Amino acid sequence: FDLPTSYFEVSETVVCHGEPVTITSYFTGVAPWTIAYLQNGMLSSFTTDQNPESTTVYFNSTTILRTLSVTDGNGCT
């Protein structure tokens, strides 16, 4: 199987502190996808069957560093 990939789009390119931003993620491979990510030192994960997957977040810092891995329904990461 091919390795899954992911990319995302954000609803705003300029964000004011505390305002909502929608992040839409797109995945390759087969569902379900488990996304593990490290954001500013905090590890989190979620599993979804939705492609694309949209979430709304409220940023309270000026720099966001996010590293992620995607595992698809075939178990490929």
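The preceding data block contains the structure.
So, here's what we can say about the structure. In this text, all values refer to a predicted model and were calculated from it rather than measured experimentally.

What counts, and where the lines are drawn
Sequence order sets the numbering: in each chain, residues are counted from 1 along the sequence as written. Local features in a predicted model are, by the rule used here, given only for residues with pLDDT of at least 70; side-chain atom pairs are given and counted only at 80 or more, and totals for whole chains, interfaces and linings are based on all residues. To get the side-chain values, all heavy atoms of the structure are used, and hydrogens and water are removed first. Each helix is a run of H or I in the DSSP string that is no shorter than four residues. Each strand is a run of E no shorter than two, and both are numbered from the N terminus. The buried label applies to any residue whose accessible area, calculated with a 1.4 Å probe on protein chains only, is under 20% of its type's maximum; exposed applies above 50%, and partly exposed to all values in between. The contact definition used throughout considers only heavy atoms, calling two residues in contact when any of these lie within 4.5 Å. Where accessible areas are quoted, they stem from the Shrake-Rupley method and a 1.4 Å probe; at the residue level, only the protein chains shown are allowed to cover. The set of buried Ala, Val, Leu, Ile, Met, Phe, Trp, Tyr and Cys residues whose side-chain atoms join them within 4.5 Å is what this entry labels a nonpolar core. Only Phe, Tyr and Trp rings take part, Trp by its six-membered ring, and two of them pair if their centres are within 6.5 Å. Stacked means planes under 30 degrees apart, edge-to-face means over 60, and tilted covers everything else.

**Considerations on the overall build of the chain**
- If you tally the helices and strands in the chain, you get 0 helices and 6 strands.
- Order of helices (α) and strands (β) in the chain, N terminus to C terminus: β-β-β-β-β-β.
- Overall, the C-alpha framework of the chain stretches about 40 × 25 × 15 Å when taken along its three principal axes.
- A burial count over the chain gives 21% of its 77 residues as buried.
- By sequence separation, contacts in the chain at least 24 residues apart represent 59% of the contacts at least 6 residues apart.
- Here the chain has roughly 5400 Å² of accessible surface; of this, 54% comes from carbon and sulfur atoms.

**Examining the nonpolar core**
- One finds F27, W33, I35, Y37 and V70 forming the largest nonpolar core, which totals 5 residues.
- Looking at this core element by element, the count peaks at 3 residues for strand β3 (residues 33–39).

**Notes on the packing of aromatic side chains**
- Counting across every chain of the model gives 3 aromatic pairs.
- Relative to W33, the ring of F27 has its centre 5.4 Å away and its plane inclined at 25°; by these criteria the two rings are stacked. Side by side, F27 and W33 carry an identical accessibility label, which is buried.
- On the basis of an interplanar angle of 70° and a centroid distance of 6.3 Å, the ring pair of Y37 and F46 is categorised as edge-to-face.
- The class of F46 is partly exposed, set by a relative accessible area of 28%.

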